[in-house]
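# Breakdown of the fold
Residues per chain, in single letters:
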Amino acid sequence: MILAAGEGRRLRPLTEHLPKALCPVGNVALLDRAMTRVAALGLTGPGDLAVNACYLGEQVVAHVGDRAHLSVEPGDPFGTAGGVALLKDWIGGRGVLVGNADAYLAPHEPADEDLKDLIDGWDGTTVRMLGVPGPPKEFGTHRFAGFSLLPWDLVERLEPVPSDLVRTTWRPAEREGRLEVVEYRGTYLDTGTPRDYLKANLHAAHHRNLIAQDASVTGAVEEAVVGPGAVVAGRVVRGVVWPGAEVRAGETLRDAIRVGRELTVAAD
């Protein structure tokens, strides 16, 4: 299950235009990155992959189409635990891999499989969590890195009310000695702030320029991610230009994200 229901309030005003899950990193929507990651494990299609939606949910629904089972949450988002609980009938006794759509993961070695270590050897009785060394030290010496495995007996206890996995599942499992942290051997960013969102984009571009094929760049770019249909006639330095956005002649976009023709979100 990929969690894509949240707004991403810390990313405002970017998320006034797109839900956080659809914000592009390296010209690929975060949600698509997550779906590709779990597809490498054989988890595809409505029978094995679910995506939840709420904030600007119609955009998520249209984006996913028939690639996954969709759970559209009524009203405000139900949180990480409540969202899983709403899907208990679909989960149907299985263990479940739960991932945050906004988790940017990049292995240090291109041939590495992102989630293989998390999945391999799991006996279905413990909570497994992907982690990277702290700070902050959230679970032992590690902090959560976007994906966890939940056994069915703990999923079955969840209630379909607004709630989070930290309090309902992870901490209780930790107290019971049922929590395992599997260290992620790569780069992890949660993309929750403009600064980390920019950092993820620059990492995805290998700190070079990444320009969509149909973008128009007549200006100067340095460590720039330029989306499809974007126009850059000015200068971009360590910046992201969203699809269809514009940096006009005489403008300099530095350490920032441009949406449309006018919106600039500083990321320094």
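Each remark here, short or long, concerns the structure printed above.
Residues numbered from 1 in each chain as written. Predicted model: local features only at pLDDT ≥ 70, side-chain atom pairs only at ≥ 80, totals over all residues. Heavy atoms only, no water.

### Things to note about unusual backbone geometry
The criterion, for reference: Only DSSP runs of H or I with at least four residues qualify as helices, and only runs of E with at least two residues qualify as strands; both kinds are numbered from the N terminus onward.
The step from Arg 12 to Pro 13 runs through a cis peptide bond, and the omega angle for that step is 5°. Here Pro 13 lies in the loop between strand E1 (2-3) and strand E2 (24-25). Each neighbour pair has its own omega, and for Gly 134 with Pro 135 the value is 10°, a cis peptide bond. Residue position: Pro 135 is located in the loop between strand E8 (127-133) and strand E9 (142-150). Located in the positive-phi region is Glu 223, a residue other than glycine, with phi close to 55°. Within the secondary structure, Glu 223 sits in strand E14 (residues 220-226).

### Side note on the pairing of E8
Quick note on the threshold: The cut-offs for exposure are 20% and 50% of the maximum accessible area for each residue type, with area from a 1.4 Å probe on protein chains only; residues under the lower value are buried, those over the upper are exposed, and the others partly exposed. A pair of strands is considered paired only if DSSP assigns at least 2 bridges between the two.
Counting buried residues along E8, 6 of its 7 residues qualify, which places the element largely inside the surrounding structure. Bridge count for E8 against strand E10 (residues 179-183) is 5 bridges, and the pairing is parallel. When the sheet's bridge partners are listed, Val 127 is paired in E10 with Leu 179. Looking at chain direction, E8 and E9 are connected through 5 bridges and run antiparallel. Of the residues in E9, the one forming a bridge with Val 132 is Arg 143.

### Details of the layout of surface pockets
Threshold: Cavities and pockets were defined on a 1 Å grid built over protein atoms only: a cavity is a set of grid points that admits a 1.4 Å probe from which the probe cannot escape, a pocket is an open set flanked by protein on both sides within 12 Å along at least five of seven lines, and lining residues are those with an atom within 4 Å of any such point. Grid points are joined across faces, edges and corners, and a volume is the space filled by probe spheres set on the points. Asp, Glu, Lys and Arg are counted as charged, while Ala, Val, Leu, Ile, Met, Phe, Trp, Tyr, Cys and Pro are counted as nonpolar; the rest, among them Gly, fall into the polar class.
Roughly 1000 Å³ of internal volume is contained in the largest pocket. In terms of lining residues, the largest pocket is bounded by 38 residues, among which Gly 6, Lys 20, Thr 80, Asn 100 and Asp 102 are the most central. Mapped onto the lining of the largest pocket, the elements with two or more residues apiece are helix H4 (79-85), strand E6 (96-100), E9, helix H8 (165-175) and strand E11 (186-189). The element best represented in the lining of the largest pocket is E9, accounting for 4 residues. Partitioning the lining of the largest pocket into residue classes produces 16 nonpolar, 10 polar and 12 charged.

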